[in-house]
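Working through the structure, step by step
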Amino acid sequence: MTTPNFVACHVQAYLHLYDVTRGLRDGGTFLLNTIWKGEELAKNLPNKVKKYFADHNITVYYIDATKIAQEIGLGNRTNTILQSAFFRITEVIPVDLAVEQMKKFIVKSYGKKGQDVVDKNYAAVDRGGEYAKLDVDPSWSNLPEDAEVKNNDPEFINKLVRPINAQDGDLLKVSDFKGIEDGTWQQSTARYEKRGVATFVPEWIADNCIQCNKCAYVCPHAAIRPFVLDEKEMAGAPIAEGDSLPAIGKTFTGMRFVQAVDVLDCLGCGNCADVCPGKKGEKALVMKPLETQMDVQKEWDYCVNEVSSKQDLVDVKANVKNSQFAMPYFEFSGACSGCGETPYVKLISQLYGDHEMVANATGCSSIYSGSVPSTPYTVNKQGHGPAWGNSLFEDFAEFGLGMFIANEQLRRRLTETMKAATECPSCSQEIHELAQQWLDSADDAVATRAIADKLIPLCEACGCDICKTILDLKHYIVKRSHWIIAGDGASYDIGFGGLDHVLASGKNINVLVVDTEVYSNTGGQASKATPVGAIAKFAASGKRIRKKDLGLIASTYGYVYCAQIAMGADQAQTLKAIREAEAYDGPSLIIAYAPCINHGIKAGMGHSQLEEQKAVECGYWHLWRYNPALEESGQNPFTLDSKTPDWDKFEDFLKGEVRYASLAKQYPAEASELFSAAKANAQWRYNNYRRLAQQQWGVDPEVGNLPK
C-alpha cells in the first residue's frame, strides 16, 4: 500500500534515514516510538516531517515503547506494545475486543515459551495505551527546508548507496549504474550508514579497564576497538586525559590507550559489557542510553581517521589482546544484535584480511556480508582488503575450490614469469633479486607483500615484456588466504557432497562453518546439525536423531586439519585453531558454535558469548583440534581442549533456550526422554573425543606413525 492512512515509525533514528511520511493521506495518523516528549519531540523532529504534518492535517501520537519494554522485561521487543497502541488509536475494532483477541493470539504464539513470556506480553498489551498526542503547530507549514548536511563521502555513497538505503532505489536511473554493469559493488559502504538504532550502548570507564581487549574480540559489529595514541596524536585528540590510560606493553611506552565506542554503528547487544572482567569487581563497560553517549562519537571518529595503526608494533596472532590491535576488515554488518557468527568472521579478517579471498555460501552469512547496498568488508589505506563472492547452498564449496584453482593456475604462470625475470637482460639487478626472493618465499603472505610493494614500481619503470607480464599478474604476487564460509545447513546438508570433495582435494583451503544448529536464514528448519531434542521446523516435537559429527568425519581423511571452537568458552583456543588452520599446508575445517536468535536464548542475545561458555561447561559442545602436522613428530594429532564437563548443568542449559524449553512445556513426557538422550549423546561424544586424545602415538619403522 503506497497511500496509507496510518503510519508507525518504531525507531526515531528512521526520521532522518527514511522518508517516513511518504504517501500518508491527508487527515491521516502518525505514531512514533521515541524517548522524546512534548516540546522536546517537536524540537527534534526534522522540518520536513513537521511541515508534512501541518500541510496534510496529520494527527500525531508518540509513545516510549522501548522504555516500557525494558520495564516489563521484554528487552527491546516493542512490537506488541506498538500493536496495542495501533488498535487503541485507530479503533478499527472495539478496543476491548482488540485487547481480548491480542491476548488470545499471545497464548497461541508464545504459550509454548512459558507463562512468564505470556504475562510479559499481556503487560505489553495493557501498557500500549501509554501514548500521548503531539500538538501540530499550523505554522510548521512555513518552516524552511532542513539544512543540507554536507559531507566528504565518496560520490558512490551519495549517488547510489544512500538513495538505496533510504528506499529510493527505484528512483535511480539505469545510467546511474554506468561502470558497474557486471554487478561489482564497492567495499566499505556499511561504514557510512551510521544508523544509530541501538537503545543502549557501552560506556567505557577507563579506571576499571585492564586493557584485555576481550570486549573488542567478541563484538559482532566491530563497533568497539582499542586504539594506542602517541604523544602527537593524543595532543590533537578530543579525549580528556582521564578518558585514556597509559598503554600497557614495552612497545607502547609513552603512548595512551583508548577503548573507543562507535555508538552510531553499535547495535546495543551488550556482549562487550558481559565479557568485561573489569577491575576489582567493577566493570569497565556499562550499558547506557544512546542519547547520553552521543558526545563520544567524536572520539571514535578521531581515532579511526587520525590515529595510525599500531598493529606493526605487536604480533597480532600471538594472543587475544594483540589480535584486536589489528584492523578489522569486516565491520558494521547487518547481522542481528548479539550475533554469534560475525565475531568469528571479523577475527579471521583481522588476521588475514589484507590478502583474504572468501567464497560464501548462501545463508545468514551471505546476507549480512553482501546485501546491496551495505558491504561490511572493507580495505586498508593501501586499498588492500578481502575479495568476496557468494554462491548457492549446494555448490558453495566447489565455488571456493574454483576460486582457489584459478588463483593457483595464475600463480603458476607468475612463477614462470618470475623465473624469466631473474635472467632478463632488460631488468635491473634489483628486479632479478626480488624475483628470486619471490620464488623462494611464494607461499609466505608477509614476505610476498613486502616484495610486491618493492617490485611493482620497479616493473612499471622497466617496461620490458617480462615486467609487463608481471604487472598483468600483480594481484597474484601476494600469497592469498583462501576461506570458504558457510552455515550448518549448507555444510552438513545441502552442500555436504561438495564440501567433502573440496576437503578430499588436499588443496590449501580453509573452511569456516558457523554452526547455529538450524537453517537460520530460511526460517529455522532442522538440519543434520540440529541436536536431539531441539524443536525446529520439521522437528516440531523435538528432533529424534543425533547430530552429525562433521568434524570427526572430516578428520578420518588424516590430512584435513579439523577443529571445533566456541569463542565465548575459550577465546585463546579459538585464536589458536584459526591460526593453526591457516598455517597448515592442506585443507582445514573449523566448526564454530554460534548462538542465534532462533535458539530463543532466555537470557537474551546480549549474553550469546556467555551461552557459548555454558554450552562447553555442561558438555553440550566440545572443543578439540585435529592437526595432521603433529603426526610428523610422532605426536597424537587429536587434542581435546574442553575440560571435564559438569554434566549436572546439562539440563539447565537446555531449559535456558526456548528451542528446548518449549518441548518440555508441550510434550513433557517426550521431553524427559529426549533430554536424557541428548545428554547421553553428548557424553558419548565426549568419551569418544577423550579416547582419541588419550591415544599414545609412536613410530613404526615400516609404516610410520601409528597409535600404540
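Residues numbered from 1 in each chain as written. Predicted model: local features only at pLDDT ≥ 70, side-chain atom pairs only at ≥ 80, totals over all residues. Heavy atoms only, no water.

Structural notes on the overall build of the protein
- From N to C terminus, the protein includes 27 helices and 19 strands.
- Taking 708 residues into account, the globule formula puts the C-alpha radius of gyration at 27 Å, and the protein, at 28 Å, falls close to it.
- Taken along its principal axes, the extent of the C-alpha atoms in the protein is 85 × 70 × 55 Å.
- Residues classed as buried in the protein amount to 53% of the 708 residues present.
- Accessible area of the protein: about 31,800 Å², with a carbon and sulfur share of 51%.
- Taking the average place of the 74 positive charges on the side chains of the protein and the average place of its 89 negative ones, the gap between the two points comes to 4 Å. (Helix = DSSP H or I, 4+ residues; strand = E, 2+ residues; numbered from the N terminus. Rg over C-alpha atoms; globule rule 2.2 N^0.38 Å. Buried < 20%, exposed > 50% of the residue type's maximum accessible area, 1.4 Å probe, protein only. Areas by Shrake-Rupley, 256 points an atom, 1.4 Å probe, with all protein chains shown as cover. Lys, Arg positive; Asp, Glu negative; His and termini not counted. Charge placed at Lys NZ, Arg CZ, Asp CG, Glu CD.)

As for the side chain of Q293
- Following the sequence through the fold, Q293 ends up in the loop between β9 (285-289) and α12 (297-306).
- We classify Q293 as buried; its relative accessible area is 4%.
- Among the polar contacts made by the side chain of Q293, one reaches the side chain of E203 at a distance of 3.1 Å.
- Beyond its immediate stretch of four places on either side in the chain, Q293 contacts V201, P202, E203, V263 and K288. (Polar contact = N/O pair within 3.5 Å; in protein donor to acceptor, adjacent residues only side chain to side chain. Contact = heavy atoms within 4.5 Å.)

Observations concerning the nonpolar core
- In this structure, L512, Y620 and W621 are the most contacted members of the largest nonpolar core, which totals 84 residues.
- Broken down by element, the residue count for this core peaks at eight residues, all from helix α27 (residues 668-694).
- W204, V258, V261 and V316 belong to the second largest nonpolar core, which has 42 residues in total. (Core = buried A, V, L, I, M, F, W, Y, C linked by side-chain atoms within 4.5 Å.)

Let's talk about the sheet that holds strand β3 (residues 59-63)
- Pairing within the open sheet is mixed, and its four strands lie in the order β1-β2-β3-β4. At either margin of the open sheet sits one strand with a lone partner, and together these are β1 (6-9) and β4 (132-134). Each strand of the sheet is rotated relative to its neighbour by a mean of 25°, with strand direction disregarded.
- With three bridges joining them, β3 and β4 adopt antiparallel strand pairing. Looking across to β4, one finds that Y61 is bridged to K133. (Pairing = 2+ DSSP bridges. Axes fitted to C-alpha atoms, helices over the stretch in contact; angles between N-to-C directions.)

Comments concerning the packing of helix α16 (residues 396-421) against helix α17 (residues 429-440)
- It is at 8 Å that the axes of α16 and α17 come closest, and there the two elements cross at 140°. The angle between the axes of α16 and α17 places the two elements in the oblique class. In this structure, α16 meets α17 at a crossing whose hand is left-handed. Taken together, the residues of α17 that come into contact with α16 (itself represented by R411, L414, T415, M418, K419 and A421) are H432, A435, W438 and L439.
- For the contact of α16 with α17, the residue count by class is six nonpolar, two polar and two charged. (Parallel < 35°, antiparallel > 145°, perpendicular 65-115°, else oblique. Left-handed = near helix turned anticlockwise from the far one by under 90°. Nonpolar A, V, L, I, M, F, W, Y, C, P; charged D, E, K, R; others polar.)

Thoughts on the confidence of the model for the protein
- Model confidence for the protein is summarised by a mean pLDDT of 90, while 95% of its residues fall at 70 or above.
- Across the protein, the element-wise mean pLDDT spans from 60 in strand β19 (residues 704-707) up to 98 in strand β14 (residues 561-565). (pLDDT = per-residue confidence, 0-100.)

Quick notes on the pattern of salt bridges
- Inspection of every chain in the model, using the stated rule, returns 29 salt bridges.
- Among the ionic pairs, R22 bridges to D19, the shortest N-O distance being 3.8 Å.
- Among the salt bridges present, the one from E408 reaches K507, with a minimum N-O distance of 3.1 Å. Note that E408 is positioned in helix α16 and K507 in the loop between α21 (496-504) and β13 (510-515), a separation of 99 residues in sequence.
- With a relative accessible area of 23%, K507 lands in the partly exposed category.
- Residues joined in a network through salt bridges with shared partners are D19, R22, K48 and D168. (Salt bridge = Lys/Arg side-chain N within 4 Å of Asp/Glu carboxyl O.)

Considerations on the environment of F653
- Structurally, the position occupied by F653 is in helix α25 (residues 650-655).
- F653 sits 463 residues away from A190 along the chain, and the two C-alpha atoms are 36 Å apart.
- Contacts of F653, omitting those with residues within four sequence positions, involve Y593, E611, K614, A615, C618 and Y620.

Points about the environment of L160
- The topology assignment puts L160 in helix α8 (residues 155-165).
- With 213 residues separating them in the primary sequence, L160 and P373 have C-alpha atoms 8.0 Å apart.
- When near neighbours in sequence (up to four residues on either side) are disregarded, L160 contacts E155, L172, D176, F177, I180 and W185.

Observations regarding the sheet that holds strand β15 (residues 588-593)
- The strand order across the open sheet built from eight strands is β11-β10-β12-β13-β15-β14-β16-β17, with neighbouring strands paired in mixed fashion. One side of each edge strand has no neighbouring strand; the edge strands of this open sheet are β11 (387-391) and β17 (638-640). The sheet shows a mean angle of 15° between the axes of neighbouring strands, taken without regard to direction.
- Of the pairings in the sheet, the one linking β14 to β15 comprises five bridges and is parallel in character. Counterpart to I565 in the pairing with β15 is A592.

Looking at the pairing of β13
- Within β13, six of the six residues are buried, which leaves the element mostly enclosed by the surrounding structure.
- Across the two faces of β13 the burial is the same, with N510, L512 and V514 and V511, V513 and D515 all buried.
- Judged from the five bridges that link them, strand β12 (residues 481-487) and β13 form a sheet pairing that is parallel. Paired with W483 across the bridge in β13 is N510.
- With six bridges joining them, β13 and β15 adopt parallel strand pairing. The residue of β15 that forms the bridge with N510 is S588.

Re the packing of aromatic side chains
- If you walk through the whole model with that rule in mind, you get 25 aromatic pairs.
- Seen in terms of ring centroids, W624 and Y689 are 5.6 Å apart; in terms of plane orientation they differ by 40°. Their pairing is tilted. Remark: Y689 occurs in helix α27 and W624 occurs in strand β16 (residues 624-626); sequence separation between them is 65 residues.
- Here the aromatic residues Y593, Y620, W621, W647, F650, F653 and Y686 are joined through ring pairs into a cluster of three or more.
- The ring of Y122 carries the charged tip of K103 above its face, separated from the ring centre by 5.2 Å.
- Directly above the ring of F332 sits K194, whose terminal nitrogen or CZ lies 5.1 Å from the centroid. (Phe/Tyr/Trp six-rings, centres within 6.5 Å; stacked < 30°, edge-to-face > 60°. Lys NZ or Arg CZ within 6 Å of the ring centre and 35° of its normal.)

Thoughts on the side chain of N510
- By secondary structure assignment, the location of N510 is in strand β13.
- A relative accessible area of 1% places N510 in the buried class.
- Polar side-chain contacts of N510 include one of 2.7 Å to the side chain of S588.
- Ignoring sequence-local partners within four residues, the contact set of N510 consists of S481, H482, W483, I484, A581, E582 and S588.

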